[in-house]
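# Working through the structure, step by step
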Amino acid sequence: MAYQALMQDQLEALRERDVKACVEMAFPSGQPMNVVGNLPPELQKRELALMTKMLREADPARGIKPSQQAVERVAQRAAVGMTQEQLVVFSDEAARRRSPPVLTCNAAIAFFAGLNAIPAPERGRALRVLYAGN
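Since we're looking at a predicted model, the values are computed, not measured.

A separate point is the state of the cysteines. According to the stated counting rule, one finds one disulfide in the structure shown. At a sulfur-sulfur separation of 2.0 Å, the disulfide partner of Cys22 is Cys105. The chirality of the disulfide connecting Cys22 with Cys105 is right-handed, given an S-S dihedral of about 90 degrees. Taken together, the residues Cys22 in helix H2 (residues 19-26) and Cys105 in helix H7 (residues 101-117) connect sequence positions 83 residues apart. The exposure classification of Cys22 matches that of Cys105, with both residues buried.

Written out as structure tokens, the structure reads:
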């Protein structure tokens, strides 16, 4: 949950510094882009600390294999507060390519905010469902 909150903070910081870096972080295209270099040092340090902790605590035995329906339920829950335009840009790659980067970045931030708005007692499980395949 802490890493999910960090990712939203990173997207918001990137939106202020380089909106294209925000888009690349949310929807990696493989294009050369220095996302990390556009992040404030405190967010870089926070990510390093969280990644180190996650790697230390990783336990493949606790992995889950959620159904596609479970993943879709979590995604729908996160998308509740998004505008129709944000939903289209977030879910349709062709629409993303046609959209201004700021709209795409805002859509990603709205989705992450929706995930982070899930009540804490349910959020951990929801995030595990959503990211289990990644």
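More follows now that the structure is in view.
Across the interface, helix H1 (residues 2-17) lies against helix H3 (residues 41-57) with an axial gap of 10 Å and an inter-helix angle of 155 degrees. In terms of orientation, H1 and H3 fall into the roughly antiparallel class. In the packing of H1 onto H3, the handedness of the crossing is left-handed. In this structure, H1 uses Ala2, Tyr3, Ala5, Leu6, Asp9, Gln10 and Ala13 to contact H3, whose residues at the interface are Leu43, Arg46, Glu47, Leu50, Met51 and Met54. Residue classes in the contact of H1 with H3 are distributed as nine nonpolar, one polar and three charged.

What follows concerns the layout of surface pockets. Looking at the largest pocket, its volume works out to about 1100 Å³. What lines the largest pocket is a set of 23 residues, and nearest its centre among them are Met54, Ala58, Arg62, Arg128 and Tyr131. Elements with a minimum of two residues in the lining of the largest pocket: H1, H3 and helix H8 (120-131). At six residues, the largest contribution of residues to the lining of the largest pocket is made by H3. The residue makeup of the lining of the largest pocket, split by class, is 14 nonpolar, four polar and five charged. By volume, the second largest pocket is sized at about 320 Å³. Looking at the second largest pocket, it is lined by 13 residues, and the ones nearest its centre are Val23, Phe27, Ser29, Arg96 and Arg97. At the level of elements, H2, helix H6 (93-98) and H7 are the ones that each hand at least two residues to the lining of the second largest pocket. Broken down by class, the residue content of the lining of the second largest pocket amounts to four nonpolar, four polar and five charged.

Rules used in this analysis
Residues numbered from 1 in each chain as written. Predicted model: local features only at pLDDT ≥ 70, side-chain atom pairs only at ≥ 80, totals over all residues. Heavy atoms only, no water. Disulfide = S-S within 2.5 Å. Helix = DSSP H or I, 4+ residues; strand = E, 2+ residues; numbered from the N terminus. Buried < 20%, exposed > 50% of the residue type's maximum accessible area, 1.4 Å probe, protein only. Axes fitted to C-alpha atoms, helices over the stretch in contact; angles between N-to-C directions. Parallel < 35°, antiparallel > 145°, perpendicular 65-115°, else oblique. Left-handed = near helix turned anticlockwise from the far one by under 90°. Contact = heavy atoms within 4.5 Å. Nonpolar A, V, L, I, M, F, W, Y, C, P; charged D, E, K, R; others polar. 1 Å grid on protein atoms, 1.4 Å probe; cavity = no way out; pocket = protein on both sides within 12 Å on 5 of 7 lines; lining within 4 Å. Points joined across faces, edges and corners; volume = space filled by probe spheres on them.

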